[in-house]
Amino acid sequence: MRRSLDTLYHAAGIIAAFFILAIVALVAAQVMLNLADKISAALVGQGLGLTIPSYADFTGFFLAASSFLALAYTLRVGGHIRVTLLTTRLPERVQHGVEIIVVIIALCMSAYATFYVGLLVEESHRFADRSSGMISVPLWIPQLPVLAGLAILTIALADELVSLLKGQKPSWDGKGENLLSE
């Protein structure tokens, strides 16, 4: 089970990275088209009018997908910002209790968000909501990765809670503090 969950978190992180690469590729392509347009305008006196339709919409969709799909992976590797100024000064047993409470609160928030984003996706599909760009995209399509990312985060937080209740240390323990020095 542990291996399957870690694979799920890692896969979501990889997919998030691909969405970031897609943003880079799309923006770079549009920049090249803008450059070709400017060169054409300088040489011929008239631009070519080259553009990728709805590229701003697509990069926005990709950013949302990458942000949400990366949440669980980032949690597991200790990449989320935590304020440990107080908790590090607590006795280990109390610190563990605080970690449990914090994970329960985060789990409730994540489950709540997952449920309501799920309703949003279902509503967008039922009413055939579409984006307003040059290329009209059914909104449930870019909303699905957001829902998936939240669902995977909820699973990761439930996984974390079970581990903490078993008396284990948090998965992120000691990992995030060294990210900048590596």
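These remarks concern the structure in this document. Just so you know, the residues in each chain are numbered from 1, in the order the chain's sequence is written. Restriction of local features to residues with pLDDT of at least 70 applies here, the model being predicted, together with a cutoff of 80 or more for giving and counting side-chain atom pairs; totals for whole chains, interfaces and linings are based on all residues. To obtain the side-chain values, all non-hydrogen atoms of the structure were included, while hydrogens and water were left out.

**Observations concerning the packing of aromatic side chains**
Argument step 1. Here the aromatic set is Phe, Tyr and Trp, taking the six-membered ring for Trp, and pairing holds for ring centres within 6.5 Å; pairs whose planes are under 30 degrees apart are stacked, those over 60 apart are edge-to-face, and all others are tilted. The tally for this structure, following the rule as stated, stands at five aromatic pairs.
Argument step 2. Measuring from centroid to centroid gives 5.0 Å for Phe115 and Tyr116, while their planes differ by 90°, and the two rings are edge-to-face.
Argument step 3. Put simply, the rings of Phe19, Phe58, Phe61 and Phe62 touch in pairs and so form one group of aromatic residues.

**Re the pattern of salt bridges**
Argument step 1. Here, a salt bridge means any side-chain nitrogen of Lys or Arg that lies within 4 Å of a carboxyl oxygen of Asp or Glu. On inspection of all chains with the given rule, the structure shows seven salt bridges.
Argument step 2. The closest approach of N and O atoms between Arg2 and Asp159, which form a salt bridge, is 2.4 Å. Here Asp159 lies in helix H5 (residues 140–165) and Arg2 lies in helix H1 (residues 2–44), a separation of 157 residues in the sequence.
Argument step 3. Through salt bridges that share partners, Arg2, Asp6, Arg76, Asp159 and Glu160 make up one connected network. By the criteria applied, helices consist of DSSP H or I runs no shorter than four residues and strands consist of E runs no shorter than two, each listed in order from the N terminus.

**What to know about the side chain of Ser171**
Argument step 1. Mapped onto the elements of the fold, Ser171 is located in the segment after H5.
Argument step 2. A relative accessible area of 15% places Ser171 in the buried class.
Argument step 3. Each polar contact in these results corresponds to two N or O atoms within 3.5 Å; when the atoms are within protein, one needs to be able to donate a hydrogen and the other to accept it, and residues that are neighboring in sequence are counted only if both atoms are side-chain atoms. Of note is the side chain of Ser171, whose polar atom sits 3.5 Å from the side chain of Arg76.
Argument step 4. A distance of 2.7 Å separates polar atoms of two side chains, one belonging to Ser171 and the other to Glu160. Summary of the burial criterion: residues with accessible area below 20% of their type's maximum are buried, those above 50% are exposed, and those between are partly exposed, where the area comes from a 1.4 Å probe applied to protein chains only.

**Here's the deal with the packing of H1 against H5**
Two quantities define a packed helix pair, namely the angle between the helix axes and the distance between the axes.
Argument step 1. Every axis corresponds to a line fitted to the C-alpha atoms, with the helix fit spanning only the stretch in contact, and the corresponding angles, defined between N-to-C directions, vary from 0 to 180 degrees. Contact geometry for H1 and H5: axes closest at 11 Å, N-to-C directions at 145°. Once H1 is placed against H5, the crossing between them reads as left-handed. The segment H1 lies against H5, with Arg2, Leu5, Leu8, Tyr9 and Ala12 engaging Ile152, Ile155, Ala156 and Asp159.
Argument step 2. Residue classes follow a fixed rule: Ala, Val, Leu, Ile, Met, Phe, Trp, Tyr, Cys and Pro count as nonpolar, while Asp, Glu, Lys and Arg count as charged, and any other residue, Gly among them, counts as polar. Taken together, the residues of the contact of H1 with H5 break down into seven nonpolar, no polar and two charged. Should the near helix be turned anticlockwise from the far one by less than a right angle, the crossing is left-handed, and should it be turned clockwise, the crossing is right-handed. Only heavy atoms matter for contacts: two residues are in contact if any of them lie within 4.5 Å across the pair.

Everything listed is a geometric property; what it means functionally is a separate question.
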